[in-house]
Amino acid sequence: MDAFSIEGQKILRGETEAAGSKNASLPILAACLLTEEECVIENVPDLRDVRTMQRLLGILGRAAERDGRNIIVRAGSATSVEAPYDLVSTMRASISVLGPLLAKEGEAKVSFPGGCAIGDRPIDLHLKGLEALGAEIEITHGYVHARSRGLAGANIYLAGPNGSSVLATDNVMMAAALAEGVTVIQAAALEPEVVDACNFLVAMGARIEGVGTSTLTITGVSRLHGCRYRIIPDRIESGTLLAAAACTGGEIFVRGARADHLGIVLESFQKAGMQVQSDAEGIRLASRLPAKPLDIETLPYPGFPTDMQAPMMALLACADGTSIVTEHIYPERYIHVAEFNRMGADIKLDEHIARVRGVKKLEGAPVMASDLRAGAALVIAALAAEGTSLVRRIYHIDRGYARLEEKLESLGARIMRVTE
Ligand code: EPU
């Protein structure tokens, strides 16, 4: 298994480039199943989850080949409607083929996603939305089996106890694009990745009003066509790189990063004392350590993103005072806390609230990544720590960060991929 060996306390400086967004790419690749024509998706990051989605499309009969930064989903029709357990169990976003297969082929069988390291992740909203469109859904032998003899538009309220859902909004919207009549989704997710998926569907010929708002009105069309579409930059990757620079006392420019997608994250960096400047070219952060403590609450967009909770906590671990972090989206998304504490942090958990008492420095240690963002946060902590750290199980990190070690190394980090 691969691990990162990281020699800490090297100041990050220079320029790097934002990758295309993972969480926009995955549902957009799934949406290609809505047409038999070729789609060219530009700026798709080359990372493990995207390769898993390419394999899944291949299993469904639609070859999805990489050509540099683009993925070409070849013309053709689906030859299977089943997303098998071994793929879904490695990537929950496989659930986003459910809506497109159901709408286009009239049937979908997707392995029911199990628990995961960041807590309970139900799919009730996906199923509720698709049932409202007329799907018959059966959960059998660990699979979600959805069937329809023609979907029909409906009014659907799509929020759960923790607010709106990104992939449920995508799934219902993709199915509604080919349903007969008008669908109104209330409490639609507002994340930039959902807006990107809407824009992609519109580029395929879908009729959607209210893009970027919490009410999406979708008038079904009888067919969608192929198109060429460019994915937005990855706001979470950009935020992670900025957090790494902040933690090491560095100064970096992330070319292509979009400040309009990172509002509250950039404001949080500023409140922590960092200097942040942005323009149409990208975002620059100059670190001023020690960071000031912050109170952070994760919320659906435009609130503070849960995916930035762990990376931001790496900065707060060494802040000059006590920070309070409240996780509202995935109340159990704190597996990194025990690992941070092994590096000398002082973090106490009280259910979904973390009290982060800043320490003078972190110490390098062997630690283990438990999920994608927690893993990235451990890398950031290791970059700031005194001495050498070994971050194990980095296959989690490879799921969502393209060439992370190369990017960090080019900014001055001492980081090496080793095979244990
Ligand atoms: N929820 C329900 N019922 C559902 C679906 C979701 O109650 O049917 C709840 C969840 O338990 C959670 C909240 O709704 O409390 C929001 O979850 P959401 O459905 O929005 O999450 P997701 O769509 O499964 C995407 C990202 C995640 C990111 C979340 C929240 C992708 C592929 N994944 O997941 O990204 O954390 O939105 O923003 O887009 C990551 O990239 O590391 C990652 C986990």
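That block above? That's the structure.
Residues numbered from 1 in each chain as written. Predicted model: local features only at pLDDT ≥ 70, side-chain atom pairs only at ≥ 80, totals over all residues. Heavy atoms only, no water.

Enquirer: Tell me about empty space enclosed by the protein, residues and numbers included.
Expert: Counted under the stated rule, the structure contains one cavity of 30 Å³ or more. Considering only enclosed or pocket space, the largest cavity measures out at about 40 Å³ in volume. Forming the boundary of the largest cavity are T240, L241, A244, A376, V379, I380, L404 and L408. Elements that contribute at least two residues to the lining of the largest cavity include exactly α8 (235-247), α12 (372-384) and α14 (404-410). For the lining of the largest cavity, the class distribution of residues is seven nonpolar, one polar and no charged. (1 Å grid on protein atoms, 1.4 Å probe; cavity = no way out; pocket = protein on both sides within 12 Å on 5 of 7 lines; lining within 4 Å. Points joined across faces, edges and corners; volume = space filled by probe spheres on them. Helix = DSSP H or I, 4+ residues; strand = E, 2+ residues; numbered from the N terminus. Nonpolar A, V, L, I, M, F, W, Y, C, P; charged D, E, K, R; others polar.)

Enquirer: Can you lay out α8 for me, pointing to particular residues and giving the numbers?
Expert: Taking 1.5 Å as the rise per residue, α8 with 13 residues should run 18 Å; its terminal C-alpha atoms sit 18 Å apart, in good agreement. Within α8, 13 of the 13 residues are buried, which leaves it mostly tucked inside the rest of the structure. Of the residues that open α8, the one with a side-chain oxygen 3.0 Å from the backbone nitrogen of I236 is D234. G249 lies just past α8 and shows a positive phi near 75°. (Expected span 1.5 Å × (residues − 1). Buried < 20%, exposed > 50% of the residue type's maximum accessible area, 1.4 Å probe, protein only. Polar contact = N/O pair within 3.5 Å; in protein donor to acceptor, adjacent residues only side chain to side chain.)

Enquirer: Describe in detail the environment of L411, supporting the description with residues and values.
Expert: Along the chain, L411 falls in the loop between α14 and β24 (414-419). For L411, a relative accessible area of 2% corresponds to the buried category. Ignoring sequence-local partners within four residues, the contact set of L411 consists of I11, L12, R13, G14, E15, T16 and I252. (Contact = heavy atoms within 4.5 Å.)

Enquirer: Talk me through the environment of L167; I want residue IDs and the actual numbers.
Expert: Positionally, L167 belongs in helix α6 (residues 166-177). Residues L167 and N23, spaced 144 residues apart in sequence, show a C-alpha to C-alpha distance of 9.3 Å. Setting aside residues up to four positions removed in sequence, L167 forms contacts with P27, A93, I95, S96 and H126.

Enquirer: Hey, could you go over the site of the ligand for me, with residue numbers and the actual values?
Expert: The full set close to the ligand counts 23 residues, and N162, S165, D307, I329 and R373 are the nearest of them. Measuring from an oxygen atom of the ligand, one finds a backbone N or O atom of I329 at 2.6 Å. Put simply, the parts of the chain that give the shell around the ligand at least two residues each are α1 (22-31), α5 (124-132), α6 and α12. If you tally residues by element for the shell around the ligand, the top one is α5, at three residues. Residue composition of the shell around the ligand, by class: 10 nonpolar, six polar and seven charged. (Near = heavy atom within 4 Å.)

Enquirer: Go over the sheet that holds strand β8 (residues 136-140), please, and point to the residues and values.
Expert: In a beta sheet, neighbouring strands pair by backbone hydrogen bonds and run either parallel or antiparallel. One open sheet holds the four strands; their spatial order is β6-β7-β9-β8, and the pairing between them is mixed. The strands lining the two open edges of the sheet, one partner per strand, are β6 (82-83) and β8. (Pairing = 2+ DSSP bridges.)

Enquirer: Explain α1 residue by residue, including any values.
Expert: Of all 10 residues making up α1, nine are buried, and the element is well covered by its neighbours. Here α1 has its buried residues at K22, A24, S25, L26, P27, I28, L29, A30 and A31. Its side-chain oxygen 3.4 Å from the backbone nitrogen of N23, S21 forms the N-cap of α1.

Enquirer: Kindly report on the pattern of salt bridges, identifying the contributing residues and their values.
Expert: Scanning all chains against the criterion turns up 32 salt bridges. D346 serves as the salt-bridge partner of K348, at 3.4 Å between the closest nitrogen and oxygen. Its relative accessible area of 25% is what places D346 among the partly exposed residues. Beyond isolated ion pairs, a larger network of salt bridges with shared partners links D2, D398, E405 and R417. (Salt bridge = Lys/Arg side-chain N within 4 Å of Asp/Glu carboxyl O.)

Enquirer: Lay out the sheet that holds strand β16 (residues 275-279) with the relevant residues and their values.
Expert: Read from one edge of the open sheet, four strands run β2-β15-β17-β16, paired in mixed fashion. Edge positions in the open sheet fall to β2 (13-17) and β16, since each of these has one partner strand only. For this sheet, the mean angle separating the axes of adjacent strands, direction not counted, is 15°. In this sheet, strand β17 (residues 282-286) lies alongside β16 in antiparallel orientation, the contact comprising five bridges. Within β17, the position partnered with Q277 by the bridge is R284. (Axes fitted to C-alpha atoms, helices over the stretch in contact; angles between N-to-C directions.)

Enquirer: Please provide a residue-by-residue account of the pairing of strand β11 (residues 182-186), values included.
Expert: Only one face of β11 is buried: it carries T183 and I185, and the other face, with V182, V184 and Q186, is open. Strand direction decides the pairing type here: strand β10 (residues 155-157) and β11, joined by three bridges, are parallel. Within β11, the residue paired with I156 across the bridge is I185. Taken together, β10, α6 and β11 constitute a β-α-β crossover, and its handedness is right-handed. Pairing of β11 with strand β13 (residues 215-219) involves five bridges; the strand directions are antiparallel. Across the sheet, V182 pairs through a bridge with T219, a residue of β13. (Right-handed = clockwise from strand over helix to strand, strands pointing away.)

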